[in-house]
Amino acid sequence: MNQELAQQGGNKLIDKLTDIYQAEQKSRLMKWINNPFKRFYIFILNRILYPITHKGKYISANTFFGTHMHIQLPAAAEIYLTGAKVHRSEIQLCKWLLREKAIGKTFVDGGAHYGFYSQFFSFISENGPVYSFEPLSRTFSTLNLNKQQGQAVYNVALSDHDGFVTMTQPDIKNSEANEVVASSESDHRITCIKLDTLFSRLNVKPDYLKLDIEGHEYEALLGSIECIRAYKPVIILEIWSAAYRDNSNQIKAIEYLKNMGYQLYLIDDDGYVHICESFNQLNQTELDSLNVILKYHI
């Protein structure tokens with residue numbers, strides 16, 4: 001694709017993301033007026049059907065960048081309603097990715113869920129290689145339905161060893177919130193791998209590594225250390241604000257990367273990055289979570 005035409009298309013999508021976010025800041029009444037049928041369907045599903053059946057509803061959603069993806073409502077309802085993830089930090093991240101010159105680059109999506117970002121990575125890289133990891137089997141089945149050209153999907157967790165971890169098993173509505181925990185009766189053992197193990201076998205050279213794995217980021221980075229040292233990928237981490245949840249493992253992951261020569265960046269509302277001078281900046285945000293960028297700079 002001509003680079004100028006690609007940039008023009010990216011700018012239009014950035015404007016579209018701005019429109020989506022602004023629409024979601026309107027009153028509940030205005031949001032219902034603008035999209036009554038879909039919102040009524042979500043209301044009935046959340047308030048009546050799901051509490052009774054505890055079963056998800058498969059449906060096809062249109063993404064803001066023009067693809068179709070399968071989701072299992074009531075999870076990912078925002079994608080069904082708007083075509084995007086509407087949290088401010090997700091809008092910021094999508095804008096930044098659209099500004100990246102990522103054609104042909106290799107992406108890793110750790111904690112892929114249904115594959116929104118995996119599809120987006122495939123889109124901005126023009127079907128460059130995408131490696132997606134989702135540990136929960138029922139969530140993975142939906143991710144597999146959304147597999148794109150050039151994408152490989154794996155029903156495993158990323159960690160610091162090859163073997164097993166114990167993970168919570170949330171219901172469908174909260175299926176993005178599964179996390180590695182100490183063993184208990186209600187939790188389940190899940191296969192895990194080191195990214196280094198798989199990529200050394202496949203000879204994969206990652207350019208971008210995104211981890212959204214609910215507090216297990218440090219362990220996943222330890223299991224990716226050979227790839228990080230060899231290829232210096234850009235790393236995207238979703239972290240929690242300390243005012244909302246304990247983010248000590250995620251801060252530990254960032255400190256680990258900084259000691260390896262990585263610089264930490266925050267994304268602004270226009271999709272540009274700025275150096276983060278201290279961890280206080282992370283904890284002073286009014287957001288409950290945010291996506292941060294780390295780039296090797298030595």
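Structure shown above.
Per chain, residue numbering runs from 1 following the sequence as it is written. Local features in a predicted model are, by the rule used here, given only for residues with pLDDT of at least 70; side-chain atom pairs are given and counted only at 80 or more, and totals for whole chains, interfaces and linings are based on all residues. Water and hydrogen atoms play no part in the side-chain values, which are based on all heavy atoms of the structure.

Trainee: Before we move on, could you go through the overall build of the protein and cite the residues and values that matter?
Mentor: Assigned secondary structure in the protein consists of 12 helices and 13 strands. In terms of overall dimensions, the protein is globule-like: its C-alpha atoms have a radius of gyration of 19 Å, near the 19 Å expected for 298 residues. If you line up the protein on its principal axes, its C-alpha atoms span 55 × 50 × 40 Å. To sort residues, take the accessible area from a 1.4 Å probe on protein chains only and compare it with the maximum for the residue type: under 20% means buried, over 50% means exposed, and anything in between is partly exposed. Here the protein, with 298 residues, has 51% of them falling under the buried criterion. Throughout, a contact is declared for two residues whenever any of their heavy atoms are within 4.5 Å. A fraction of 65% describes how many contacts in the protein between residues 6 or more apart in sequence connect residues 24 or more apart. Residue exposure ignores everything except the shown protein chains as possible cover, and the areas themselves are Shrake-Rupley values with a 1.4 Å probe. Of the accessible surface of the protein, which amounts to about 14,100 Å², a share of 50% is contributed by carbon and sulfur atoms. Separation between the mean location of the 30 positive side-chain charges and that of the 33 negative ones in the protein comes to 5 Å. Helical segments are the DSSP runs of H or I of at least four residues, strand segments are the runs of E of at least two, and each set is numbered from the N terminus. The atom set for the radius of gyration is the C-alpha atoms, and the globule formula is 2.2 Å times the number of residues raised to the power 0.38. Within this scheme the basic residues Lys and Arg register as positive and the acidic residues Asp and Glu register as negative, but His and the chain ends are omitted. We put the charge of a Lys on NZ, of an Arg on CZ, of an Asp on CG and of a Glu on CD.

Trainee: Which residues make up the nonpolar core, and what values do they have?
Mentor: Membership of the largest hydrophobic core comes to 43 residues, with the highest contact counts inside it found for Phe64, Trp96, Leu97 and Phe120. Elements with a minimum of two residues in this core: helix 1 (3-24), helix 3 (36-53), strand 2 (68-73), helix 4 (77-82), helix 5 (88-99), helix 6 (116-124), strand 10 (234-240) and strand 11 (262-267). Apart from residues no more than four positions distant in its own chain, Trp96 is found in contact with Tyr208, Val234, Ile236, Ile267, Gly271, Val273, Ile293 and Lys295. As used here, the term nonpolar core means buried Ala, Val, Leu, Ile, Met, Phe, Trp, Tyr and Cys residues forming a set that is joined through side-chain atoms within 4.5 Å. If you look at the next biggest cluster of nonpolar residues, it comprises 35 residues, including Val108, Leu158, Leu198 and Ile225.

Trainee: Which residues make up helix 6, and what values go with them?
Mentor: For helix 6, the buried fraction is high: 8 of the 9 residues fall into the buried class. Listed as buried for helix 6 are Phe116, Tyr117, Ser118, Gln119, Phe120, Phe121, Ser122 and Ile124. Following helix 6 by one or two positions, Glu126 adopts a phi angle in the positive range, close to 55°.

Trainee: Describe the sheet that holds strand 10, with residues and values.
Mentor: At least two bridges found by DSSP between two strands is the condition for calling them paired. Judged by pairing direction, the sheet is mixed, and its 8 strands sit side by side in the order 5-4-3-9-10-13-11-12 without closing on themselves. Each edge of the open sheet is held by one strand with a lone partner, namely strand 5 (151-154) and strand 12 (273-275). Between one strand and the next, the sheet's axes are offset by a mean angle of 25°, whatever the strand orientation. Where strand 11 lies against strand 12, 3 bridges are found, and the strand directions are antiparallel. When the sheet's bridge partners are listed, Ile267 is paired in strand 12 with Val273. Along the sheet, helix 6 contacts strand 3 (107-110), strand 4 (130-133), strand 5 and strand 9 (208-211); its crossing angle with strand 3, the most-contacted strand, is approximately 170°. Axis angles are defined between N-to-C directions and span 0 to 180 degrees, where every axis is a line fitted to C-alpha atoms and, for a helix, only to the segment in contact. With respect to the sheet, helix 7 (residues 137-145) is in contact with strand 4 and strand 5, its orientation differing from that of strand 5 by roughly 170°.

Trainee: Tell me about the side chain of Glu238, and name the residues and values.
Mentor: Mapped onto the elements, Glu238 comes out in strand 10. It is Lys210 that comes nearest to the buried, bridge-free Glu238 among opposite-charge side chains, at 5.9 Å. Those residues in contact with Glu238 that sit more than four places away from it in its chain are Glu90, Leu211, Asp212, Glu214, Glu217, Gln250, Ser289, Leu290 and Asn291. What counts as a salt bridge is simple: a side-chain nitrogen of Lys or Arg found within 4 Å of a carboxyl oxygen of Asp or Glu.

Trainee: An account of the pattern of salt bridges is requested, with residue identities and associated values reported.
Mentor: Tallied over the full model, the rule gives 5 salt bridges. Note that Glu179 is salt-bridged to Arg245, the shortest N-O span being 3.5 Å. In this pair, Glu179 is assigned in the loop between strand 7 (163-167) and strand 8 (188-193) and Arg245 in the loop between strand 10 and helix 11 (248-259), connecting sequence segments 66 residues apart. The class for Glu179 is partly exposed, based on a relative accessible area of 23%. The class of Arg245 is partly exposed, set by a relative accessible area of 34%. Glu214 is the partner of Arg245 in a salt bridge, and the nearest nitrogen-oxygen pair spans 3.5 Å.

Trainee: I'd love a proper account of the sheet that holds strand 8, names of residues and values included.
Mentor: Read from one edge of the open sheet, 3 strands run 6-8-7, paired in mixed fashion. What marks the edges here is a single partner per strand, and that holds for strand 6 (157-158) and strand 7.

Trainee: Before we move on, could you go through the environment of Ser137 and cite the residues and values that matter?
Mentor: Positionally, Ser137 belongs in helix 7. The spacing of Ser137 and Phe116 is 21 residues in sequence and 17 Å in space, taken between C-alpha atoms.

Trainee: Can you tell me about the packing of helix 5 against helix 6, naming the residues and giving the values?
Mentor: A pair of packed helices is captured by two measures, namely the crossing angle of their axes and the spacing between those axes. With their axes 10 Å apart at the nearest point, helix 5 and helix 6 run at an angle of 20° to one another. Classified by the angle between their axes, helix 5 and helix 6 sit roughly parallel to one another. Handedness of the crossing formed by helix 5 with helix 6: right-handed. Contact with helix 5, carried on its side by Glu90, Leu93, Cys94, Leu97 and Leu98, involves Phe116, Tyr117, Phe120, Phe121, Phe123 and Ile124 of helix 6 and no other residues of that element. Along the lines of polarity and charge, the residues of the contact of helix 5 with helix 6 split into 10 nonpolar, no polar and 1 charged. Any angle that falls under 35 degrees is termed roughly parallel, while one over 145 is termed roughly antiparallel, one within 65 to 115 roughly perpendicular, and all others oblique. Left-handed describes a crossing whose near helix is turned anticlockwise from the far helix through less than a right angle; right-handed describes the clockwise counterpart. Lys, Arg, Asp and Glu make up the charged group, whereas Ala, Val, Leu, Ile, Met, Phe, Trp, Tyr, Cys and Pro make up the nonpolar group; the residues left over, Gly among them, are polar.

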